[in-house]
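Structural characterization, general
Listed below, chain by chain, are the residues.
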Amino acid sequence: MRQSLRGEEHDYTTLPLNRAVILLAVPMVLEMIMESLFAVADVFWVSRLGKEAVAVVGLTESVMTLIYAVAIGISIAATAIVSRRIGEKEPELAAQAAGQIVLLGVLVASGIGVVLGYFAPDILRLMGAEERIVALGSGFARVMLGGNATVFLIFLINAVFRGAGDAVIAMRTLWLANALNIALGPCFIFGWWIFPELGVTGAAVATNIGRGVGVLYQLWHLAGHHSRVKVRWQHFKPVREVLEAVLRKSGSGIAQLLISTTSWVGLFKILALFGSSALAGYTIAVRIVMFALMPAWGLANAGATLVGQNLGAKHPERAEAAVWIATKLNILVLGVVGVGFVLMANPLIRLFTTEPEVLGFGTQSLWIVSLAFPLYAAGMCFEAAFNGSGDTWTPARLNFLCLWLGQIPIAWCLSKTLGLGPLGAFISVPAAYSLLAIFSWFLFRRGKWKAQKV
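Residues numbered from 1 in each chain as written. Predicted model: local features only at pLDDT ≥ 70, side-chain atom pairs only at ≥ 80, totals over all residues. Heavy atoms only, no water.

1. Re the environment of Glu131
- With respect to the helices and strands, Glu131 occurs in helix 5 (residues 131–146).
- Glu131 gets classed as partly exposed once you look at its relative accessible area, which sits at 49%.
- Polar side-chain contacts of Glu131 include one of 2.8 Å to the side chain of Arg125. (Helix = DSSP H or I, 4+ residues; strand = E, 2+ residues; numbered from the N terminus. Buried < 20%, exposed > 50% of the residue type's maximum accessible area, 1.4 Å probe, protein only. Polar contact = N/O pair within 3.5 Å; in protein donor to acceptor, adjacent residues only side chain to side chain.)

Put into structure tokens, the structure is as follows:
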């Protein structure tokens with residue numbers, strides 16, 4: 001574990017697999033934890049300004065999730081392509097792919113930023129914000145939406161580093177960005193020391209400065225400082241074939257995220273039929289669950305990197321073995337967390353609310369959702385393996401089948417048709433994700449992903 005944090009270069013196509021998984025997983029897990037701290041830090045300081053300020057952050061973040069979906073979709077393609085080129089021992093082609101990915105990210109983020117930044121107040125109104133919320137939050141929304149390039153590029157370039165096996169650089173990037181965000185947040189919000197008092201807008205300014213410095217740190221490494229992928233100016237020159245390959249893989253990657261995101265919106269709509277207490281309780285439970293799942297994605301991402309590199313090195317059986325190791329570790333980790341959540345559901349929810357009805361629904365939903373944690377762990381590792389191989393359409397189809405054609409109808413049937421109320425919606429979550437894990441396991445065992453060309 002100490003070695004995994006030093007950032008030493010390794011050939012992950014020849015290392016013993018148990019060692020390779022740990023060397024990649026430790027920094028990736030810490031990276032995911034750091035990513036989850038951005039929203040927590042912002043809400044922590046902004047909550048001092050009142051519930052309206054918190055509402056501004058919540059509404060803007062709900063729009064930002066669409067930007068995250070696009071960025072992560074392209075990131076999936078970035079990891080698959082770069083890891084394959086590294087496995088093929090083609091560092092020049094990996095650098096060319098990285099340059100094209102950064103170019104694409106700048107173009108897409110700039111277009112999104114101009115449009116959403118300009119219409120930020122109208123977007124808040126469209127989300128149902130009252131005029132006083134719009135007046136308070138327009139600055140925050142403009143900075144976050146208009147400056148989305150910082151988060152966009154952090155996602156993309158970290159995906160390049162993960163694909164190359166430079167997981168420590170990705171982790172350090174988020175350490176740096178988070179440290180600046182946490183330090184500067186209260187300074188810009190409350191006007192501490194020499195900083196202007198910007199209120200809720202200050203949180204957005206601090207976040208973008210932190211992430212912006214993180215991007216500069218990434219680019220410094222991409223320029224050849226301690227990175228396996230060394231990007232030069234000529235690599236940013238548009239190459240049609242590479243851009244088309246990235247866009248093809250990105251389209252299905254974006255579809256995966258959008259299907260997953262919109263399915264949660266559908267579930268929230270069903271829960272809203274049973275009142276604000278059920279909705280609030282479930283919202284608290286989901287925030288706790290998502291925080292727990294972020295580190296698990298680190299283990300899944302380690303498996304994805306090893307799949308891409310070993311398929312590039314013509315070692316498909318080694319790629320499969322790496323996924324099984326990552327899956328077993330993930331099941332163990334999330335299984336322990338799930339047991340803890342089942343046993344401690346009420347005290348955990350009580351940290352966020354003392355309202356009896358909200359507490360009851362939150363405890364019930366956290367207990368039920370946590371029962372299937374081992375299956376969530378397996379499903380995310382199998383889907384990450386498909387993505388790492390470049391087979392990004394299989395997870396997109398599985399998400400649509402299990403979440404839109406599974407979770408939403410199950411939730412409606414149990415809660416409304418059978419009269420279980422909110423309990424039926426809660427049960428639909430482990431039911432749908434258990435189906436996702438089973439179908440993913442079946443398709444993974446078939447092995448068609450091993451023949452995927454990137």
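2. Thoughts on the side chain of Thr305
- Along the chain, Thr305 falls in helix 10 (residues 276–312).
- When its relative accessible area of 0% is taken as the criterion, Thr305 is described as buried.
- The contact partners of Thr305, leaving out residues within four places of it in the chain, are Leu24, Met28, Thr79, Ser83, Arg162, Gly163 and Gly165. (Contact = heavy atoms within 4.5 Å.)

3. A closer look at the packing of aromatic side chains
- A complete count under the given rule lists 17 aromatic pairs for this structure.
- Seen in terms of ring centroids, Trp45 and Phe190 are 6.2 Å apart; in terms of plane orientation they differ by 75°. Their pairing is edge-to-face. Placement of the pair is Trp45 in helix 1 (residues 17–46) and Phe190 in helix 7 (residues 167–190), with a sequence separation of 145 residues.
- For Phe190, a relative accessible area of 24% puts it in the partly exposed group.
- Cluster of aromatic residues (ring-pair linked, three or more members): Trp324, Phe382, Phe386, Phe444 and Trp449. (Phe/Tyr/Trp six-rings, centres within 6.5 Å; stacked < 30°, edge-to-face > 60°.)

4. Some words on the confidence of the model for the chain
- On average, the chain scores 90 in pLDDT, and the residues at 70 or more come to 100%.
- Here helix 1 stands out as the least confident element of the chain, with mean pLDDT 82; helix 14 (residues 373–389) is the most confident, with 95. (pLDDT = per-residue confidence, 0-100.)

5. Structural notes on the state of the cysteines
- Taken as a whole and judged by the stated rule, the model has zero disulfides.
- Looking at the unpaired Cys381, the closest cysteine sulfur is the one in Cys402, lying at 16 Å.
- Cys413 takes part in no disulfide bond, and the closest cysteine sulfur, belonging to Cys402, lies 17 Å away.
- Owing to a relative accessible area of 33%, Cys413 belongs among the partly exposed residues under this scheme. (Disulfide = S-S within 2.5 Å.)

6. Topic: the pattern of salt bridges
- Taken as a whole, this structure holds ten salt bridges when the rule is applied.
- One salt bridge connects Arg162 with Glu31, and the closest N-O pair in it is separated by 2.6 Å. Within this pair, whereas Arg162 is found in helix 6 (residues 149–164), its partner Glu31 is found in helix 1, the two being separated by 131 residues in sequence. Accessibility classification places Arg162 together with Glu31 in one group, the buried group.
- Connected through shared salt-bridge partners, Asp122, Arg125 and Glu131 make up one network. (Salt bridge = Lys/Arg side-chain N within 4 Å of Asp/Glu carboxyl O.)

7. Thoughts on the layout of surface pockets
- Here the second largest pocket defines a volume of roughly 150 Å³.
- In terms of lining, the second largest pocket is formed by 17 residues, of which the most central are Arg6, Gly7, Glu8, Val168 and Ile169.
- Sorting the residues of the lining of the second largest pocket by element identifies helix 1 and helix 7 as the ones contributing at least two each.
- Ranked by residues supplied to the lining of the second largest pocket, first place goes to helix 7 with four residues.
- In terms of residue class, the lining of the second largest pocket is made up of six nonpolar, seven polar and four charged. (1 Å grid on protein atoms, 1.4 Å probe; cavity = no way out; pocket = protein on both sides within 12 Å on 5 of 7 lines; lining within 4 Å. Points joined across faces, edges and corners; volume = space filled by probe spheres on them. Nonpolar A, V, L, I, M, F, W, Y, C, P; charged D, E, K, R; others polar.)

8. Side note on a nonpolar patch on the surface
- On the surface, a cluster of nonpolar side chains totalling about 610 Å² of accessible area is made up of Phe400, Leu401, Trp404, Leu405, Leu435, Ile438 and Phe439.
- Listing elements by their share of the nonpolar patch, those giving two or more residues are helix 15 (393–417) and helix 16 (422–446).
- The greatest single-element share of the nonpolar patch, amounting to four residues, is contributed by helix 15.
- Checked against the element boundaries, Ile438 lands in helix 16.
- Among the residues examined, Ile438 registers a relative accessible area of 46% and is labelled partly exposed. (Patch = residues over 30% accessible without salt bridge, like charges linked within 9 Å, V, L, I, M, F, W, Y side chains within 5 Å. Areas by Shrake-Rupley, 256 points an atom, 1.4 Å probe, with all protein chains shown as cover.)

9. What to know about the side chain of Asn330
- Mapped onto the elements, Asn330 comes out in helix 11 (residues 316–343).
- Owing to a relative accessible area of 0%, Asn330 belongs among the buried residues under this scheme.
- Polar side-chain contacts of Asn330 include one of 3.4 Å to the backbone oxygen of Ala377.
- Look past the residues within four positions of Asn330 in its chain and what remains in contact with it is Ala296, Leu299, Ala300, Gly335, Ala377, Met380 and Cys381.

10. Quick look at unusual backbone geometry
- Even without glycine at this site, Trp193 takes up a positive phi of about 55°.
- Relative to the helices and strands, Trp193 is located in the loop between helix 7 and helix 8 (200–222).

11. A short note on the packing of helix 6 against helix 8
- At a closest axis distance of 9 Å, the pairing of helix 6 and helix 8 adopts a crossing angle of 35°. At the point where helix 6 passes helix 8, the crossing takes the left-handed sense. Contacts between helix 6 and helix 8 involve Thr150, Val151, Leu153, Ile154, Ile157, Asn158, Val160 and Phe161 on the former and, on the latter, Asn208, Arg211, Gly212, Val215, Gln218, Leu219, His221 and Leu222.
- Per-class residue counts for the contact of helix 6 with helix 8 are nine nonpolar, six polar and one charged. (Axes fitted to C-alpha atoms, helices over the stretch in contact; angles between N-to-C directions. Left-handed = near helix turned anticlockwise from the far one by under 90°.)

12. Some details on the environment of Ser263
- Turning to its location among the elements, Ser263 is positioned in helix 9 (residues 240–272).
- Along the sequence, Ser263 and Trp404 sit 141 residues apart, while their C-alpha atoms lie 5.9 Å from each other.
- Apart from residues no more than four positions distant in its own chain, Ser263 is found in contact with Leu403, Trp404, Gln407 and Ile408.

13. Describing helix 13 (residues 356–370)
- Spanning 15 residues, helix 13 covers 21 Å between terminal C-alpha atoms, matching the ideal 21 Å at 1.5 Å per step.
- All of the buried residues in helix 13 are Val358, Leu359, Phe361, Gly362, Thr363, Ser365, Leu366, Ile368, Val369 and Ser370.
- Close packing links the buried residues of helix 13 with helix 10, helix 11, helix 12 (345–350), helix 14 and helix 16. (Expected span 1.5 Å × (residues − 1).)

14. Let's talk about the packing of helix 11 against helix 16
- At a minimum axis distance of 11 Å, the contact between helix 11 and helix 16 shows a crossing angle of 155°. It follows from the interaxial angle that helix 11 and helix 16 lie roughly antiparallel. Considering only the axes of helix 11 and helix 16, their crossing is left-handed. Between helix 11 and helix 16, the contacting residues are Glu320, Val323 and Trp324 on the first element and Trp441, Phe444 and Arg445 on the second. (Parallel < 35°, antiparallel > 145°, perpendicular 65-115°, else oblique.)

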